[in-house]
Amino acid sequence: MQQSARAEQRARRDRRIQSRREGVEGGFDYSLLLITFCIIGFGMLMIYSASSYSAQVKNDDSSYFLRHQAFNVGIGAIVMMIASKFRYSWFIRPLTILRIRLVNVLYLAAVSLQIAVLAQGGGLNGANRWLRLGPISFQPSEFTKVVVILLVAYLVCEIPASFSETKKMVRIFLMVSIPLGLVALEDLSSAIVIFITAFLICFIAAKKKTPYIVLAMSAAALAYLYVFHLGSSFRADRIEIWKNPEGHPKGAQIVHGLYAIASGGLFGAGLGESMQKLGFLPEPYNDMIFSVICEELGLVGAGIVILMFVLLCWRIYSIAMRAPDLFSALICVGVMVHIASQALINIAVVTNTIPSTGIPLPLISYGGSSVIFMMAEIGIVLGISSRTGVSGSMGGAR
């Protein structure tokens, strides 16, 4: 009997080891990696096309912005590789004798960085999105987006099942409200993306949806009052520009963006043949790069860009469905929602569907902070994909 019991134990151990090997070695999602670098490579091509004129005029170097973005992507690739090797369970493992979890340390770091940005002052209309540390500058709001995904996924799993859905929602959004409020003081558009991401993670995981529907309706009502009736003169200008871009003295960016989209037609004017980037469209390699894509590659090119984002989100969704536990699945959901919402908002702004915001097109627009931290998120998802089939510690959290 003892020999039989020992043999059964060895068999179970061998099955666990085999399952772990299959999860770690066989599950890495190379298709997600390929799609990510296809989007990034396309983005670098379009950054060079959209910025060459401006770079030549301002810096006497047509490849100035391309070289800087290539450097940012190089850093992002290193960060993504490290994140893919970093076990997601370490985010919720106590680090010291004080039982402090890494996710809580990151939360405190995000709040501290946002406070530092506000204390620094300056910037547009008294606000500043950038934190300058010597020669290095970055946007802490991009780091906060990553932290909120990890925090909300952890809280959904950590809160006892005995709590009502309303109590869970209140507890989660009390924690999220601190970094969310600090980001809103600096950059309302990033705060909107953070709220959408946190809300949809909770909504998808919730057994009862009613409290979240009430929260969404309340948030929409408050946003309407703030933007259309209580907002600053700066935001009021953006509303007026959105309503009547041609008649507003500051509506040139939207007007020329729409000209670019309209002149592109079905197949576009050809790569590098945009006219609006020749001094008419301010910084066409940043938030308005989608309009240059439409002008040079037409509706077909724009459709391909949207299709690439759909494929990217589909791969992340597939990983979420195969995730080893609820915590890792919700991380994937958060990354997917972040990418999808930011892409939709950017395209909606460029087409003047919604008022103008400062949201870049993910992995395509020029900018170091955005591409580096988004590649870090994808790296975390790749790490989760490599462990599909491995039983996680929070699988039964709910």
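None of the values given here were measured: they were computed from a predicted structure.

Colleague: Would you mind going over the pattern of salt bridges with me for this structure?
Modeller: Within the structure shown, the criterion is met by six salt bridges. Put simply, R322 and D29 hold a salt bridge, and the shortest N to O gap is 3.7 Å. Within this pair, whereas R322 is found in the loop between helix 11 (289-321) and helix 12 (326-350), its partner D29 is found in the loop between helix 1 (2-26) and helix 2 (30-59), the two being separated by 293 residues in sequence. On the basis of relative accessible area, R322 is assigned to the partly exposed category, the value being 36%. The partner of K277 in a salt bridge is E296, and the shortest N-O contact between them spans 3.2 Å. Placement of the pair is K277 in the loop between helix 10 (252-264) and helix 11 and E296 in helix 11, with a sequence separation of 19 residues. By the burial criterion, K277 is buried, and E296 matches it.

Colleague: What should I look at first to understand empty space enclosed by the protein in this one?
Modeller: If a probe the size of a water molecule is rolled over the atoms, the empty space left behind becomes visible. In this structure the tally under the stated criterion is two cavities of 30 Å³ or more. Here the second largest cavity is characterised by a volume of approximately 40 Å³. K145, V148, I149, V193, I194, T197 and H338 are the residues that line the second largest cavity. Listing elements by their share of the lining of the second largest cavity, those giving two or more residues are helix 5 (140-158) and helix 7 (188-205). The class makeup of the residues in the lining of the second largest cavity is four nonpolar, two polar and one charged.

Colleague: Honestly, helix 13 (residues 368-385) in this entry has me stumped. Any pointers?
Modeller: Since one α-helical turn is 3.6 residues long, residues separated by three or four positions face the same way. With 18 residues, helix 13 should cover 26 Å at 1.5 Å per step; its first-to-last C-alpha distance of 26 Å lies within 8% of that length. Counted residue by residue, helix 13 has 18 buried out of 18 residues, so it is predominantly covered.

Colleague: What is the right way to read unusual backbone geometry from this model?
Modeller: Apart from glycine, the bulk of residues carry a negative phi angle, and the bulk of peptide bonds sit in the trans form. Phi angles above zero are rare outside glycine, and E283 is one such case at about 45 degrees. Judged by its relative accessible area of 42%, E283 is partly exposed. The backbone of L363 shows a phi angle near 65 degrees, a positive value even though the residue is not glycine. Here L363 is to be found in the loop between helix 12 and helix 13. On the accessibility criterion, L363 (3% relative accessible area) is buried.

Colleague: What should I look at first to understand the packing of helix 4 (residues 102-120) against helix 6 (residues 165-186) in this one?
Modeller: Each pair of packed helices can be summarised by the angle the axes make with each other and by the distance between the axes. The geometry of helix 4 relative to helix 6 is characterised by a closest axis approach of 10 Å and an angle of 25 degrees between their N-to-C directions. Between helix 4 and helix 6, the interaxial angle falls into the category roughly parallel. Relative to helix 6, helix 4 is oriented so that their crossing is left-handed. Of the residues in helix 6, those in contact with Y107, V111, Q114, I115, V117 and L118 of helix 4 are M175, I178, P179, L182, V183, L185 and E186.

Rules used throughout
- Residues numbered from 1 in each chain as written.
- Predicted model: local features only at pLDDT ≥ 70, side-chain atom pairs only at ≥ 80, totals over all residues.
- Heavy atoms only, no water.
- Salt bridge = Lys/Arg side-chain N within 4 Å of Asp/Glu carboxyl O.
- Helix = DSSP H or I, 4+ residues; strand = E, 2+ residues; numbered from the N terminus.
- Buried < 20%, exposed > 50% of the residue type's maximum accessible area, 1.4 Å probe, protein only.
- 1 Å grid on protein atoms, 1.4 Å probe; cavity = no way out; pocket = protein on both sides within 12 Å on 5 of 7 lines; lining within 4 Å.
- Points joined across faces, edges and corners; volume = space filled by probe spheres on them.
- Nonpolar A, V, L, I, M, F, W, Y, C, P; charged D, E, K, R; others polar.
- Expected span 1.5 Å × (residues − 1).
- Axes fitted to C-alpha atoms, helices over the stretch in contact; angles between N-to-C directions.
- Parallel < 35°, antiparallel > 145°, perpendicular 65-115°, else oblique.
- Left-handed = near helix turned anticlockwise from the far one by under 90°.
- Contact = heavy atoms within 4.5 Å.

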